[in-house]
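Each chain, written out:
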Amino acid sequence: MPSNALTRREVVAGAAGLSAAALLPARALANDTTVTISSPWGADRPFQQVVDAFNAKGTGVQVVNRLDGDYQEMATKALASIAAGRPPEMMITGWKFGYFASRTLGARDFNEIDAAKAEAIISQFKPQVHDLVNIDGKLIGLPWAMSTPVTWINMDLWREAGLDEDIPMDVSHEWLMEKAAAIEEALGGGSHPTYRSALDLSNNEWTSQAYIQNAGGYIIHGDDVVCDSPEAVAGMAAFAEPVQPGLWKNLDYRAQAQAQIGGAIAIVCTSSARSSSLLDAGYEFKDVMFPSLGGTRNMNSGGNFLAIYARDEELAQASMTFLEFCASKEGQEIWSKVGYLNTSVHDIAPLPLQDAGYAQLAEGLTAETIWPGERGLEGQDVWRQWVARVLEGEVPAEEGMIRAKAELTPLIG
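Residues numbered from 1 in each chain as written. Predicted model: local features only at pLDDT ≥ 70, side-chain atom pairs only at ≥ 80, totals over all residues. Heavy atoms only, no water.

**Here we look at the packing of aromatic side chains**
For step 1, the next point in the chain: What the rule picks out here adds up to 14 aromatic pairs.
For step 2, the next point in the chain: Note on W41 and F47: the rings are 5.4 Å apart at their centroids and 45° apart in plane angle, and the pair reads as tilted. As far as burial versus exposure is concerned, W41 and F47 are alike and both buried.
For step 3, the next point in the chain: Taken together, W41, F47, F54, W144, F322, F325, W335 and Y340 form an aromatic cluster joined through their ring pairs.
For step 4, the next point in the chain: The ring of Y253 carries R274 above its face, with NZ or CZ at 5.1 Å from the centroid.
For step 5, the next point in the chain: One residue, R389, lies across the ring of W386, its end atom 4.3 Å from the ring centre. (Phe/Tyr/Trp six-rings, centres within 6.5 Å; stacked < 30°, edge-to-face > 60°. Buried < 20%, exposed > 50% of the residue type's maximum accessible area, 1.4 Å probe, protein only. Lys NZ or Arg CZ within 6 Å of the ring centre and 35° of its normal.)

**Some words on the pattern of salt bridges**
For step 1, the next point in the chain: The full count for this structure, using the stated rule, is 17 salt bridges.
For step 2, the next point in the chain: Linking K57 and E330 is a salt bridge whose minimum nitrogen-to-oxygen distance equals 3.0 Å. Taken together, the residues K57 in the loop between α3 (46-55) and β2 (61-67) and E330 in helix α14 (residues 329-335) connect sequence positions 273 residues apart.
For step 3, the next point in the chain: For E363, the salt bridge identified is with R297, shortest N-O distance 4.0 Å. On the criterion of sequence distance, the pair formed by E363 in helix α15 (residues 355-363) and R297 in the loop between β12 (285-288) and β13 (302-308) is long-range, its members being 66 residues apart.
For step 4, the next point in the chain: A network of salt bridges, in which partner residues are shared, links K96, E205 and R384. (Salt bridge = Lys/Arg side-chain N within 4 Å of Asp/Glu carboxyl O. Helix = DSSP H or I, 4+ residues; strand = E, 2+ residues; numbered from the N terminus.)

**Concerning the environment of T59**
For step 1, the next point in the chain: Checked against the element boundaries, T59 lands in the loop between α3 and β2.
For step 2, the next point in the chain: For T59, a relative accessible area of 5% corresponds to the buried category.
For step 3, the next point in the chain: Separated by 132 residues in sequence, T59 and S191 place their C-alpha atoms 59 Å apart.
For step 4, the next point in the chain: A polar contact is formed between the side chain of T59 and the backbone nitrogen of V61, at a distance of 3.1 Å. (Polar contact = N/O pair within 3.5 Å; in protein donor to acceptor, adjacent residues only side chain to side chain.)

**Description of the confidence of the model for the chain**
For step 1, the next point in the chain: Averaged over every residue, the pLDDT of the chain is 89; residues scoring 70 or more account for 92%.
For step 2, the next point in the chain: Summarising per-element confidence for the chain, the mean pLDDT is lowest in helix α1 (residues 8-12) (36) and highest in helix α10 (residues 230-240) (98).
For step 3, the next point in the chain: In the model, residues 1-30 has pLDDT below 50 throughout and makes 80 contacts with residues more than four positions away in sequence or in other chains. (pLDDT = per-residue confidence, 0-100. Contact = heavy atoms within 4.5 Å.)

**Quick look at unusual backbone geometry**
For step 1, the next point in the chain: Of note in this structure, D136 is not a glycine but carries a positive phi near 55°.
For step 2, the next point in the chain: Among the structural elements, D136 can be located in the loop between β4 (134-135) and β5 (138-139).
For step 3, the next point in the chain: Under the relative-accessibility criterion, D136 is labelled partly exposed at 39%.
For step 4, the next point in the chain: With a phi angle near 65°, L353 is a residue other than glycine that sits in the positive phi range.
For step 5, the next point in the chain: Tracing the sequence through the fold places L353 in the loop between α14 and α15.

**Regarding the packing of helix α9 (residues 205-214) against α10**
For step 1, the next point in the chain: As a packed pair, α9 and α10 sit with axes 7 Å apart at the nearest point and diverge in direction by 125°. Relative to α10, α9 is oriented oblique. At the point where α9 passes α10, the crossing takes the right-handed sense. Together, T207, S208, Y211 and I212 of α9 and E231, A232, G235, M236, A238 and F239 of α10 make up the contact between the two elements.
For step 2, the next point in the chain: Residues belonging to the contact of α9 with α10 are distributed by class as follows: six nonpolar, three polar and one charged. (Axes fitted to C-alpha atoms, helices over the stretch in contact; angles between N-to-C directions. Parallel < 35°, antiparallel > 145°, perpendicular 65-115°, else oblique. Left-handed = near helix turned anticlockwise from the far one by under 90°. Nonpolar A, V, L, I, M, F, W, Y, C, P; charged D, E, K, R; others polar.)

**A word on the domain arrangement of the chain**
For step 1, the next point in the chain: Each domain of the chain was delimited in the assignment, giving domain 1 (33-147 + 302-363) and domain 2 (149-300 + 372-412).
For step 2, the next point in the chain: For domain 1 and domain 2, the distance between their C-alpha centres works out to 28 Å.
For step 3, the next point in the chain: Across the contact, 28 residues belong to domain 1 and 30 residues belong to domain 2.
For step 4, the next point in the chain: Together domain 1 and domain 2 conceal approximately 2,300 Å² of surface at their shared face, both sides included; 55% is due to carbon and sulfur atoms.
For step 5, the next point in the chain: Viewed at the interface, domain 2 and domain 1 are joined by three salt bridges.
For step 6, the next point in the chain: At the junction of domain 1 and domain 2, the tally comes to 10 residue pairs in polar contact (both at pLDDT 80 or more).
For step 7, the next point in the chain: Sorting the residues of the side of domain 1 that touches domain 2 by element identifies α4 (71-83), α5 (98-103) and α15 as the ones contributing at least two each. (Domains from an automatic or database assignment. Buried area = accessible area lost by both parts, 1.4 Å probe.)

**Digging into the nonpolar core**
Within soluble globular proteins, side chains that are nonpolar tend to cluster in buried spots.
For step 1, the next point in the chain: The biggest cluster of nonpolar side chains holds 120 residues, and the ones touching the most others in it are F47, L142, W144, I183, F322, L323 and W383.
For step 2, the next point in the chain: Taken together, domain 1 (33-147 + 302-363) and domain 2 (149-300 + 372-412) each give at least three residues to this core, which thus spans both.
For step 3, the next point in the chain: Apart from the residues lying within four places of it in its own chain, the contact partners of F47 are I37, S39, W41, N65, I92, W144, L306, F322 and W335.
For step 4, the next point in the chain: One finds W152, L278, A281 and L353 within the second-largest nonpolar core, a separate group that totals seven residues. (Core = buried A, V, L, I, M, F, W, Y, C linked by side-chain atoms within 4.5 Å.)

**Some remarks on helix α16 (residues 376-391)**
For step 1, the next point in the chain: Relative to the 22 Å expected for 16 residues at 1.5 Å per residue, α16 spans 23 Å between its end C-alpha atoms, a close match to the ideal helical length.
For step 2, the next point in the chain: Of all the residues in α16, the buried ones are G376, L377, G379, Q380, V382, W383, W386, V387, A388, V390 and L391.
For step 3, the next point in the chain: The elements touched by buried residues of α16 are α4, α5, α9, α10 and α17 (397-412).
For step 4, the next point in the chain: Positive phi appears at G393, one or two residues downstream of α16, with a value of about 80°. (Expected span 1.5 Å × (residues − 1).)

Dropping the structure here:
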């Protein structure tokens, strides 16, 4: 799998590009055209502020942000809507569903809608991220959000456990296991009012991919499933290692986020984009890099793109007008408040608690696993299930990865 290497200097430097005013139409249309976006964010998130700022321009296009669940839930709803002849007009689409969006959901090629606008939009982003939204030779999205898994430490719990506050930015899996064991010994057994778990590595396809890549393996390489390689097996075994001694008491992703903000987990390895929600959590958090394995780190990125699915040409053109604003510096500055890494050419200052994310960005990030084939959505589910079986001790890592490959290969072929 090639590395889509990005550095902080490449991401935050560059020309300011086209202004928001230059990108928007010279006059408003007589009657507003309404575009609805299927989104994972509600009205309390910065994406709604982007929508509101755009709507205030009076361009003749009005955008509605509709909360439809997580990436997988949105993709599933979109599939049902398309089958019923009512495709979503726009959808926030996870990069991991790039092939699925193109081949199954029919994401539109921006160049087919308006080639000049397509070039103006994509030029506002660093060339290193263009490949993430060029699928099957088509530009199917605006590269909207990028994050990478990092390590978050609850410093209140850390201090109560009596650990040294001089924490390195570059941590290892061995370091993580040692510190988690010390925290469990000091705070476990119901002796602390909020503490529940020393560690949470986020039981999903994203952090397991990071462990596998840091061990030198991959889940998919090209069109081949290679999760049964010795390197991948070693990475999965390390990923599951904290579970057996009780250092990682597993929670689903939403419950984990609530527990972290509530002061129940001392160390959480999850998205760098969580920085904004931790600033006002009532606890002090420190961000350091995702744990390396044997001194090696080959980190993955994650995120989403803004895609157009509307078949009606007026709605497709209206969607492009909104995307022009999203690509502008004004749109990017509003969006940056959510805590994603800045991948545009616009010079936007980083936020607090983004040091680890940008440190990994400086080292270079690969794409997250992009599940190929028309059944890629099923492939992600299968992978999650096998990761869970390994974590739960149902099967050892080697057997789990062999059986995962056997089940995944026909799905993505």
